[in-house]
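Close look at the chain arrangement
As a plain string of letters, each chain reads:
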Amino acid sequence: MLSDKDFAFIKQLLQQEAGISLGSDKRYLVESRLRKLVEELGLDSLQTLVGLLRQKRTDILSRTLDVLTTNETLFFRDRKPFEALRQYVLPELIRKRRQYARLSIWSAAASTGQEPYSIAILIKEHFPSLLKWRISILATDISPSVLEKARQGIYSQLEVNRGLPAAYLVKYFRKIGKQWQIREDVRRMVEFRELNLVGNWPPIGPFDIVFLRNVLIYFDLATKQRVLARVARVMRPDGYLFLGSAETTLQISTPFEPLPVPRSCCFRLKQASPATVGR
Ligand SMILES: C[S@@+](CC[C@H](N)C(=O)[O-])C[C@H]1O[C@@H](n2cnc3c(N)ncnc32)[C@H](O)[C@@H]1O
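Residues numbered from 1 in each chain as written. Predicted model: local features only at pLDDT ≥ 70, side-chain atom pairs only at ≥ 80, totals over all residues. Heavy atoms only, no water.

Further remarks concern the packing of aromatic side chains. Taken as a whole and assessed by the stated rule, the structure comprises eleven aromatic pairs. Look at Trp 106 and Trp 201: their rings are 5.4 Å apart centre to centre, the planes differ by 75°, and that puts the pair in the edge-to-face class. In this pair, Trp 106 sits in strand 1 (residues 102-107) while Trp 201 sits in the loop between strand 6 (190-194) and strand 7 (207-212), placing the two residues 95 residues apart along the sequence. Both residues of the pair, Trp 106 and Trp 201, belong to the buried class. An aromatic cluster is present here, built from Phe 76, Phe 82, Tyr 168, Tyr 172, Phe 211 and Phe 242 joined pairwise through their rings. When the ring centre of Phe 9 is taken as origin, the NZ or CZ atom of Arg 54, which lies over that ring, is 4.3 Å away. (Phe/Tyr/Trp six-rings, centres within 6.5 Å; stacked < 30°, edge-to-face > 60°. Helix = DSSP H or I, 4+ residues; strand = E, 2+ residues; numbered from the N terminus. Buried < 20%, exposed > 50% of the residue type's maximum accessible area, 1.4 Å probe, protein only. Lys NZ or Arg CZ within 6 Å of the ring centre and 35° of its normal.)

Here we come to the sheet that holds strand 2 (residues 134-141). Picture the strands of a sheet paired through backbone hydrogen bonds; they go either parallel or antiparallel. Ordered by their spatial adjacency, seven strands build an open sheet running 6-2-1-7-8-10-9, and the pairing between neighbours is mixed. Of all strands in the sheet, those with a lone pairing partner are strand 6 and strand 9 (256-258), marking the two edges. Looking at each pair of strands side by side, their axes are set apart by 25° on average, direction ignored. In this sheet, strand 10 (residues 266-269) lies alongside strand 8 (residues 235-243) in antiparallel orientation, the contact comprising three bridges. Bridge pairing in strand 10 places Phe 242 opposite Cys 266. (Pairing = 2+ DSSP bridges. Axes fitted to C-alpha atoms, helices over the stretch in contact; angles between N-to-C directions.)

Moving on: the layout of surface pockets. Taken as a whole, the largest pocket holds about 580 Å³ of empty space. Every residue lining the largest pocket is counted, 34 residues in all, and those nearest its centre are Thr 69, Thr 70, Asn 214, Val 215 and Tyr 218. Contributing elements (two or more residues each) for the lining of the largest pocket: helix 1 (4-18) and helix 2 (27-40). Formed jointly, the lining of the largest pocket draws a minimum of three residues from each of two domains, domain 1 (4-68) and domain 2 (80-269). (1 Å grid on protein atoms, 1.4 Å probe; cavity = no way out; pocket = protein on both sides within 12 Å on 5 of 7 lines; lining within 4 Å. Points joined across faces, edges and corners; volume = space filled by probe spheres on them. Domains from an automatic or database assignment.)

Close to the ligand lie 22 residues; Thr 73, Arg 77, Ala 109, Asp 141 and Asn 214 are nearest. Between the ligand and Arg 77, the relevant distance is 2.7 Å, taken from an oxygen atom to a side-chain nitrogen or oxygen of the residue. Taking Asp 141, its side chain carries an N or O atom lying 2.6 Å from an oxygen atom of the ligand. Contact with the protein chains removes 99% of the 600 Å² of surface that the ligand exposes when unbound. A molecule is said to occupy a pocket when more than half its atoms come within 2 Å of that pocket's grid points, and by this definition the ligand occupies the largest pocket. For the shell around the ligand, the residue count by class is nine nonpolar, eight polar and five charged. (Near = heavy atom within 4 Å. Polar contact = N/O pair within 3.5 Å; in protein donor to acceptor, adjacent residues only side chain to side chain. Areas by Shrake-Rupley, 256 points an atom, 1.4 Å probe, with all protein chains shown as cover. Sits in = over half its atoms within 2 Å of the grid points. Nonpolar A, V, L, I, M, F, W, Y, C, P; charged D, E, K, R; others polar.)

If you want it as structure tokens, here you go:
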């Protein structure tokens, strides 16, 4: 069992290192995930694990963050945001950026890759002319293990059954054994990198489109606000931000305002000024 003191330490560690706010109702979940990690690492107890974390063992910290983050995701999650991307956001940006022929997209908590690959597939499927542009899709996450899976682009039958139209499965995946691997040309469109939203960021952006979906829900208000302010700074002034469906009514002041497209979960910077492409 995790003692009260150790649970409080883990809570504080997760808050400090990943911005994640854990409620006391998550104690059982935390304990069972840490128990699995103790087994994987061949340690003798939860207390030993906590002891190593107290000694600031960075390898153990990284594995701990890995097991304590929730990586739930699926292809074309919530559908509507991807419809908004196809019907409104990309046509608009294509009009505005034609002269520069480049677009920069960031999936900022990409988990195992379904989100950035959905964007890549959507571009291939509906905007083939964009393939002649310089399109960059950066996909980042705090968790090295989900990024590794994302890079391989290999999914179980269950995973491809979630959200992915059958026609896309046939067209953009190949079967390997009982699993499916996303085609190499789609994989090559996405670059995966480790990035902690509450840590130091490498120089990135400016982005035309940012997907920051289903990660702010784990942060407290102050952290949400800080992360959104930083995201705003790496976006072009007329760029678009997609949040998760539970994140559209954040009770905080942000530099963003919602796009009047129902359930798109899409936002723009307030007082968007004319494009500053090429800056
Ligand atoms: C629930 S998944 C969302 C995946 C995808 N965006 C979606 O909406 O389907 C949340 C992801 O956020 C990542 N995450 C949690 N805290 C993070 C942080 N501080 N920095 C970057 N990623 C973080 C987790 O590792 C996890 O993969």
